[in-house]
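Summary of structural features
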Amino acid sequence: KYEKHPNTGIKFENYKIPKIKEIINIAYECHKRTPHMKILSWDFTIDKNDSVNLIEVNTLGQSIWFPQYVNAKSAFGENTKYMYSFIKR
């Protein structure tokens, strides 16, 4: 278990990612424009001018194991049954 980032030394406890609501809203708006793609992985950054920028979108090969491992819980939470039925189609 890490309490701080191994390279930067930034402590994880009480750390808030700036502009997270804005990032989520932008990702949501982008995703609404690609309904045919279903599951996408959006990569964003915040630049030195405090602006949110889309780096890339990954359409294939998303790894779901890592977020599950780090957070010690299912990636889809209460939506797991729905996602399972969606994937089976």
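Residues numbered from 1 in each chain as written. Predicted model: local features only at pLDDT ≥ 70, side-chain atom pairs only at ≥ 80, totals over all residues. Heavy atoms only, no water.

**Remarks on the overall build of the protein chain**
Our working definition: Strands are runs of DSSP state E lasting at least two residues, helices are runs of H or I lasting at least four, and both sets are numbered from the N terminus onward. Our radius of gyration looks at C-alpha atoms and nothing else; its globule reference is 2.2 Å times the residue count to the power 0.38. Buried residues are those whose accessible area, probed at 1.4 Å on protein chains only, stays under 20% of the maximum for their type, while exposed residues exceed 50% and partly exposed ones sit between those limits. For every accessible area listed, the method is Shrake-Rupley and the probe measures 1.4 Å; residues are considered covered only by the protein chains on display. By the counting scheme adopted, Arg and Lys are positive, Glu and Asp are negative, and His together with the chain ends is not counted. All charge positions are set by atom: Lys at NZ, Arg at CZ, Asp at CG, Glu at CD.
Of regular secondary structure, the protein chain possesses 3 helices and 2 strands. For the protein chain, the succession of helices and strands along the chain, N to C, is α-β-β-α-α. Taken over C-alpha atoms, the radius of gyration comes to 16 Å for the protein chain, far larger than the 12 Å a tight globule of 89 residues would show. When the backbone C-alpha atoms are referred to their principal axes, the protein chain occupies close to 45 × 30 × 20 Å. Looking at the protein chain as a whole, 9% of its 89 residues are labelled buried. Approximately 8,200 Å² of the protein chain is accessible, and the part contributed by carbon and sulfur atoms is 55%. Of the charged side chains in the protein chain, 14 are positive and 9 negative, and the gap between their average positions amounts to 7 Å.

**Quick word on the environment of A75**
So the rule is basically this: Here, two residues are considered to be in contact whenever any of their heavy atoms come within 4.5 Å of each other.
Take A75: it is sitting in the loop between helix 2 (65-71) and helix 3 (80-88). In this view, A75 contacts I64 and Q68; residues no more than four positions away in its chain are not counted.

**Examining unusual backbone geometry**
Its identity is not glycine, yet K19 carries a phi of approximately 65°, on the positive side. Positive phi values are uncommon outside glycine, yet D50 reaches one of about 70°. You can see D50 is positioned in the loop between strand 1 (41-46) and strand 2 (52-58). The class of D50 is partly exposed, set by a relative accessible area of 43%.

**As for the environment of W65**
Residue position: W65 is located in helix 2. Taking the C-alpha atoms as reference, W65 lies 22 Å from Y28; in sequence the two are 37 residues apart.

**Remarks on the confidence of the model for the protein chain**
Keep this limit in mind: The predictor attaches a confidence to each residue, and that confidence, scored 0 to 100, is pLDDT.
Of the residues in the protein chain, 98% reach a pLDDT of 70 or more, and the chain-wide mean stands at 86. Predicted confidence in the protein chain is weakest over helix 2, with a mean pLDDT of 73, and strongest over helix 1 (residues 20-32), with 95.

**Structural notes on a nonpolar patch on the surface**
Heads up, the condition is: Residues enter a patch when their relative accessible area is above 30% and they make no salt bridge; the linking distance is 9 Å between like charges and 5 Å between nonpolar side chains (Val, Leu, Ile, Met, Phe, Trp, Tyr). We define a salt bridge as a side-chain nitrogen of Lys or Arg found within 4 Å of a carboxyl oxygen belonging to Asp or Glu.
Side chains of I10, Y15, I17, I20 and I24 sit close together on the surface and give an oily, nonpolar patch of about 480 Å² of accessible area. Secondary-structure assignment places I20 in helix 1.

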